[in-house]
Each structure stands twice: as C-alpha cells, then as structure tokens.
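Given next are the chains, with one letter for each unit.
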Amino acid sequence: MAVTTTLSNHYKYMLLTNAIDMDNDLFKVILMVDTFVFDPDSHATLADVTASQLATGNGYTQNTATLTKTAPVIEDDAQDLATIAWDDVQWTATGGIIGPFKSAII
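Residues numbered from 1 in each chain as written. Predicted model: local features only at pLDDT ≥ 70, side-chain atom pairs only at ≥ 80, totals over all residues. Heavy atoms only, no water.

### Some points on the pairing of strand S4 (residues 81-86)
Stage number 1. Examined bridge by bridge, strand S3 (residues 69-76) and S4 share five bridges and lie antiparallel to one another. Looking across to S4, one finds that Ala71 is bridged to Ala85. (Pairing = 2+ DSSP bridges. Helix = DSSP H or I, 4+ residues; strand = E, 2+ residues; numbered from the N terminus.)

### Thoughts on unusual backbone geometry
Stage number 1. Residue Pro100 is bonded to the preceding Gly99 through a cis peptide linkage, with omega at 10°.
Stage number 2. Within the secondary structure, Pro100 is located in the loop between S4 and strand S5 (101-105).
Stage number 3. Positive phi, close to 55°, is recorded for Asn58, a residue that is not glycine.
Stage number 4. By secondary structure assignment, the location of Asn58 is in the loop between helix H2 (46-49) and strand S2 (65-67).
Stage number 5. Taking relative accessible area as the criterion, Asn58 reaches 32% and is therefore assigned partly exposed.
Stage number 6. The backbone of Asp80 sits at a positive phi, close to 55°, despite the residue not being glycine.
Stage number 7. Following the sequence through the fold, Asp80 ends up in the loop between S3 and S4.
Stage number 8. Among the residues examined, Asp80 registers a relative accessible area of 69% and is labelled exposed. (Buried < 20%, exposed > 50% of the residue type's maximum accessible area, 1.4 Å probe, protein only.)

Take it as geometry only, folks, not as evidence of what the structure does.
Laid out in structure tokens, this is it:
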C-alpha cells in the first residue's frame, strides 16, 4: 500500500528542538473521518484534530492504538528520505463497520 506522509509544521519544529524522542516517546495512531482535510499549518496537536477523529464504536476506540517501533529510524540517501517502522495496528469491526474513514494521524 502506498503511504502519503504530510508533516505538520509544529511536528518539524518539535523535531528540531528535540522535543520529540523517536526512540523513547509513546506514539499513537487515530483514524480521521472521510471528510477530514489535513492542514500542516493549523493541525499542530491532538486537540486541533479531535473533532474530526472517527467516533468510538463498532470496534474502534478513540486514542487507544499505541504504535510499537520495530526498527531504528533509517536514513535512505538513495531515495532522499528517512523511515521508521512500527508494528501494524489492527481494529476488528464488531456490531457494524468501522468508518468510513479516509486517513490516519500519528
């Protein structure tokens, strides 16, 4: 599956000021409703996107999916990028479908 990554300006700032520790901080993933449009200027924190998070129900619970890192951050000069790998997150639908959703935010 192709993954498109868009970083908020605040995330870039937090990285550059060492406020984020990719090795030791806790990362979570949330699902966004299908009408959500990410804005790298104004979507800086969880509070900025909470209103567009998929509602708890049918097997999805808001703010509970923790990511577990499976490898160190890797610099890839051949493709001009860096990567991080986490275990897959899975939600099991119960009582109905999960969604619709369009994107996820870490």
